[in-house]
Every structure is written in C-alpha cells, then in structure tokens.
Amino acid sequence: MKAAEAAVSNSATYDEATLAPSANAALPAAAPAGAPLVKLSEIPVAPWRQLADRAAEANGYYLPEWELAVNAFSRGRTGVSALAAWNDRTTGDSTFDAVAAANDNDGRLIGLMPAISAWRAYRIPLPALVTADAFPPLGTLLLDRDHADAAAGQLMQQARNAGAHALILRDLPLDGAVMKAFTKALAWTGLRPHVLHSHQRAMLDATRDAEELLRDALGPKKMKELRRQRNRLADIGDVVFSIAGTTGDAAPALETFLKLEASGWKARRGTALIQDEGHLAFIRRAVCDMAARGNCEVISLYAGDTPLASAIVLRHLDRAFYFKLGVDERFAKYSPGVQLTLELTRHMCADDTIATVDSTAIPNHPMIDPIWRDRLAIGDVLIPLRRNDPLVPAIRAALALRQAIREPARRAVHTLRKLKEKRS
C-alpha cells in the first residue's frame, strides 16, 4: 500500500530528463535520481536513417524527418527525450555508451525510443518512461532487425539507469516484431510484458487484388451505389486521382489538403492542422522532408479543377500509414472520402513494395472499418524493469484507474459533440 501511495502521490512532479522528482517535490523512496536521457534532437540523423532502413518493424511516424518535425513544432509534443541503443562498431558491444555515441557519432544505432515521463504523458507522478506521441496513435519503436532482442535489452537498461521502474509502450502492435523482442528480452530475467488495454483497428492487406477485396468488403449493392455517386461527380468534370510523391508536387498538394481539412467538422471543433501554428509548421516541414526521401505521398481526388478529398499517406519499408483525410463537405452526398479511400486501396494493392496499410484510425471507425476488413491488434504495454518490484503493480493500478475514469468521460464528450453537430 505504501508503494502504491508513493507511486501515485499527486504532490510529486518529475524532471523530464532524469525521472527524478523536482526539487520541491516529495521523493518516492524507490525512484532515485538517475542518469540523464539524451535529447531526441541530439540523436544523429544519419545513424537514425540507417536504423530505419534496417528496422525489424515499420513505423513511418518515427522516421527522423517526421518525428524531428513533430519534436520541433507540434504543440504539446516538443522537447522529447530518447533512449538510444548503440552497438560499438569496433567491439560489437551492445552496451556501448549511448550518450557518448550520440555526441561523437561513434557507433551503430540499433534501437531508438522517443520518450517522455509518465507525468507528462498522464499527469500521474509514476516512475516510468512512456513512448512519445508522434501525432498519430502508433508507438512502434525502431529496432535493428539483426539485433532486436539486444536493442530491447539495452533500452530497458538505460531506463533503469534513468530511475525508471517501467517502460510504457503506447499504441504498439501486439503481434509485431517489437513486442516479440521485448518479450524475449524480458524472459532473460524471468519477466513478462503486461498489456494494459488493447483494441483492433482497420488495416489493408495490400497483397490482395483490390477489386476482389472491395467486392468482398462492400458487396455488389454498395459498390454499385458508389459507382453511381462517382458518375454524378463526373458531371462536374473528369474524376481524377492524383498522387504527389516528390517535394515539388507534395508542397502545393499539401496546401490543398490543409484547406479541405479546415473546411469541415475539424475546423468547427478547432482540430484542423491549419488552425494551430505549431501543427502547421510541423506538417509543412514533415511532408516536404518525407517526400524528398520517398516516404510520403499526398493523394487527392478531383472532379475537373475542384478538389473533393485529400489525404496524407506515409511509407516505410513494406507498410504504409493513412495519416489524415480532408474532404469538401459540399459534396458529402457523393461520399468523397470513401471515393478517395477506394482509389488509395487500388493504388496500394498495385504497389508490390507495400504489404499492409495501417489506417491509424480509432476503433470502429465508421468510414474505414467497412472498407478495410483486416484488423491490427494495438495496445498499451507495460514493460517491468526489475523482478518483484512493488511499484509495478502500483503503476498498473494507477493507469487502470485513470482509464476507468477517462473512458466514460470520453464517450460522453463524443456523444454531446455528435448531438451538437446534428443540431447545427
């Protein structure tokens, strides 16, 4: 009980770099001040890109061009720290000093976790490090496919050195290579991961034939209705699906996307990217930098010269990621968002380099779930760092209580928002 009280005490706040409580905070007995973490902005970009090329599991949102733009500009997501696993080129030692490697660029990066404190993530003073939010809900760490288990072990050791008692990997694919690596690394010391909560979200199996997939998902009646709607759009002008995948093409296409996103319900809620200076600076830099390296496309659907819908799609290794969608709601009766998603499905299924597309959507999304019927199991996973640590059950209990309180409130807000939009 005392350990639990220490873990969730509302009187404590934590220093972001060390996990140590601030000078005016009460110090939990089991959370000593530790070694400082490396700033994410200090991780050398070249080794980071090389790690991304060798990653055991893809995550377009943790590529340096994306995550550094988030870290520099996006409100609430700046100033992130990092756990970095390095492999000494000369000795092959996977316990190589991460701070020294980041400073002198001497070593091969084999693992990277953008990290924040539990206080920053949850506003609960827990001695844990949490994966940083790279804007969408996906926290797949970059681990070298040839050293994934060793990288996971080294990241855990760095977290211990920083005073953490647990890692919390948010929005992690539960059947992926990263989960398997941490499970194996934990097994070396008789520990195991704990799934705090999980859900299923829509995913596209891009190895299938697109037309067969769409017929199976939507059925002949719905496909016929969508063709009718597309024909009505053709009365305005030729319906064209465009792909902007270079910096020169992506920059103007992004501006079209931003205008479309800000023309509908997102603007009414105040969540359109263009409505926040930090988010706007982030997305402009990230899209251009990602497109320059072939990791981003801005896709659009036009009827003549009129843009109907637009979206941002990231690419990394054999996976793509459906980031955000904007539509012109004046054409809502013709389902422009669905029409764009159908074209994206065909585009991805025709690309031999892409195996799956993560929707990064909320569970039971009304638009994407009926079209992409495959599912990706996603969850928040707690990684304990010490055997028989009394603070780990306290951390789990505190997070479970937070979830139990927040979920009904979230549903209530969602319901009220829907009612308000129907009346307006």
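Parameters and conventions
The residue numbering used here restarts from 1 in each chain and proceeds along that chain's sequence as written. Local features in this predicted model are restricted to residues of pLDDT 70 or higher, and side-chain atom pairs are both shown and tallied only at a pLDDT of 80 or more, whereas totals for entire chains, interfaces and linings draw on every residue. Excluded from the side-chain calculations are hydrogens and water; all other atoms, namely the structure's heavy atoms, are used. Numbering of helices and strands runs from the N terminus, with a helix taken as a DSSP run of H or I at least four residues long and a strand as a DSSP run of E at least two residues long. Every residue pair with non-hydrogen atoms within 4.5 Å of one another is taken to be in contact. Only the protein chains shown count as cover for residues, and the accessible areas themselves come from Shrake-Rupley with a 1.4 Å probe. The cut-offs for exposure are 20% and 50% of the maximum accessible area for each residue type, with area from a 1.4 Å probe on protein chains only; residues under the lower value are buried, those over the upper are exposed, and the others partly exposed. We define a polar contact as two N or O atoms separated by no more than 3.5 Å, with the added condition that, inside protein, one atom must be a possible hydrogen donor and the other a possible acceptor, whereas residues neighbouring each other in sequence contribute only through side-chain atom pairs. Criterion for a disulfide: a pair of cysteine sulfur atoms within 2.5 Å. Whenever a helix is involved, its axis is fitted only over the stretch in contact; in every case the axis is a line through C-alpha atoms, and angles between N-to-C directions fall within 0 to 180 degrees. In these notes the angle categories are as follows: under 35 degrees is roughly parallel, over 145 is roughly antiparallel, 65 to 115 is roughly perpendicular, and the rest is oblique. Definitions for this section: a left-handed crossing has its near helix turned counterclockwise from the far helix by less than a right angle. A right-handed crossing has that turn clockwise. When residues are sorted by character, Ala, Val, Leu, Ile, Met, Phe, Trp, Tyr, Cys and Pro go into the nonpolar class, Asp, Glu, Lys and Arg into the charged class, and all the rest, Gly among them, into the polar class. Salt bridges are counted wherever a side-chain nitrogen of Lys or Arg sits within 4 Å of a carboxyl oxygen of Asp or Glu. In these notes, a set of buried Ala, Val, Leu, Ile, Met, Phe, Trp, Tyr and Cys residues joined through side-chain atoms within 4.5 Å is what counts as a nonpolar core. Arc definition: directions from the helix axis to the C-beta atoms. Centres within 6.5 Å make a pair out of two Phe, Tyr or Trp rings, where for Trp the six-membered ring is used; the pair is then stacked when the planes are under 30 degrees apart, edge-to-face when over 60, and tilted otherwise. Only strands that DSSP links by at least two bridges are regarded as paired with each other. With the strands pointing away from the viewer, any crossover whose connection runs clockwise from the first strand over the helix to the second is right-handed.

Student: I'm lost on the overall build of the protein chain in this one. Help?
Tutor: What the protein chain contains, in helices and strands, is 13 helices and 13 strands. A sequence separation of at least 24 residues applies to 75% of the contacts in the protein chain between residues at least 6 apart. For the protein chain, the exposed surface amounts to about 18,600 Å²; the carbon and sulfur share of it is 51%.

Student: Which parts of the structure should I look at to understand the side chain of E297?
Tutor: Here E297 is to be found in strand β9 (residues 296-303). Overall, E297 belongs to the buried group, its relative accessible area being 10%. One polar contact links E297 to R315, side chain to side chain, over a distance of 3.3 Å. Other than its neighbours up to four places away in sequence, E297 contacts I243, A244, G245, A311, I312, V313, R315, H347 and M348.

Student: How should the state of the cysteines be read in this particular structure?
Tutor: Think of a disulfide as a covalent bridge from one cysteine sulfur atom to another cysteine sulfur atom. Taken as a whole, this structure holds zero disulfides when the rule is applied. Its sulfur unpaired, C296 is 8.7 Å from the next cysteine sulfur, which belongs to C288. Residue classification places C296 among the buried positions, given a relative accessible area of 1%.

Student: Looking at this structure, I do not really get the packing of helix α3 (residues 64-73) against helix α11 (residues 277-292). What am I missing?
Tutor: Angle between the axes and distance between the axes: these two values describe a pair of packed helices. The N-to-C vectors of α3 and α11 enclose an angle of 160°; their axes lie 8 Å apart at closest approach. It follows from the interaxial angle that α3 and α11 lie roughly antiparallel. With respect to the hand of their crossing, α3 and α11 are arranged in right-handed fashion. In this structure, α3 uses E65, W66, L68, A69, V70, A72 and F73 to contact α11, whose residues at the interface are G278, H279, A281, F282, I283, R285, A286, D289 and M290. Of the residues assigned to the contact of α3 with α11, the class counts are eleven nonpolar, two polar and three charged.

Student: In this structure, what is going on with the pattern of salt bridges? I would like to understand it.
Tutor: Two side chains with opposite charge may pair up if their charged atoms get near one another. Tallied over the entire structure, the rule returns 23 salt bridges. Note that R315 and D351 form a salt bridge whose closest N and O atoms lie 2.4 Å from each other. A residue pair is termed long-range when its members are at least 10 positions apart, and R315 in strand β10 (residues 306-316) and D351 in the loop between α12 (336-349) and β12 (356-358) qualify at 36 residues. We classify R315 as buried; its relative accessible area is 12%. Since its relative accessible area comes to 16%, D351 is described here as buried. In this structure, a network of salt bridges that share partners links the residues E211, R230, E343 and R346.

Student: Any chance you could explain the environment of T247 here in plain terms?
Tutor: Of note, T247 is situated in helix α9 (residues 247-261). Each C-alpha atom of the pair T247 and C288 lies 5.1 Å from the other, and the pair is 41 residues apart in sequence. The residues touching T247, leaving out its near neighbours within four places in the chain, are C288, A291 and A292. Of note is the side chain of T247, whose polar atom sits 3.2 Å from the backbone oxygen of C288. In terms of polar contacts, T247 uses its side chain to reach the backbone amide nitrogen of A292, at 3.4 Å.

Student: How do you make sense of the nonpolar core when you look at a structure like this?
Tutor: In summary, soluble globular proteins display a tendency toward joint burial of nonpolar side chains. Counting 96 residues, the largest nonpolar core has I43, W66, L167, F182, I283, I312 and I383 as its most contacted members. It is α11 that provides the largest number of residues to this core, a total of seven residues. Leave out the neighbours within four places in its chain, and I312 touches L254, F257, I283, V287, C296, E297, F321, Y322, F323 and K324. By size, the runner-up hydrophobic cluster in this structure holds 38 residues, among which are F241, L308, L325 and W372.

Student: Just to check I follow, could you spell out helix α7 (residues 177-187) for this structure?
Tutor: For α7, the full list of buried residues reads V178, M179, A181, F182, A185 and L186. Along the axis of α7, the buried positions cluster into a sector of 160°, meaning they face one direction only. Those residues of α7 hidden inside the fold are in contact with β5 (142-143), α6 (148-161), β6 (166-173), β7 (194-205) and β13 (374-384).

Student: I keep staring at the packing of aromatic side chains and nothing clicks. Help me out?
Tutor: Any aromatic ring pair is given by two values, namely how distant the centres are and how the planes are angled relative to each other. Counted according to the given criterion, the structure contains eight aromatic pairs. A ring pair is formed by Y322 and W372, whose centres lie 5.6 Å apart and whose planes are at 40°; its orientation type is tilted. Of the two residues, Y322 is situated in strand β11 (residues 319-327) and W372 in the loop between β12 and β13; the sequence distance between them amounts to 50 residues. Pairwise contacts between aromatic rings join Y61, W66, F135, F282, F321 and F323 into one cluster.

Student: Is there a simple way to think about the packing of helix α2 (residues 45-53) against α3 in this case?
Tutor: Across the interface, α2 lies against α3 with an axial gap of 10 Å and an inter-helix angle of 130°. Accordingly, the angle class assigned to the pair α2 and α3 is oblique. When α2 is examined against α3, the residues V45, W48 and R49 are found in contact with a partner set consisting of P64, E65, E67 and L68. When the residues that make up the contact of α2 with α3 are grouped by side-chain class, the tally is four nonpolar, no polar and three charged.

Student: Looking at this model, I keep getting lost on the side chain of T140. Mind explaining?
Tutor: Inspection of the secondary structure assignment puts T140 in the loop between β4 (128-131) and β5. If we skip the residues at most four places from it in the chain, T140 touches E57, A58, N59, Y62, D171, L172, P173 and V178.

Student: Explain the pairing of β11 to me, please; I cannot follow it from the model alone.
Tutor: For a regular strand, side chains alternate in direction, first toward one face of the sheet and then toward the other. Among the nine residues in β11, eight count as buried, and that is most of the element. Inspection of the sheet shows β10 paired to β11 by eight bridges, in the antiparallel sense. Bridged to R315 within β11 is A320. A loop of two residues connects β10 with β11, the two strands running antiparallel in sequence, and L317 in this loop sits at a positive phi of about 55°. Pairing analysis gives three bridges linking β11 to β12, with the strands arranged parallel. Directly across from A320, in β12, lies its bridge partner V357. Tracing the backbone out of β11, into α12 and back to the parallel element β12 gives a crossover that is right-handed.

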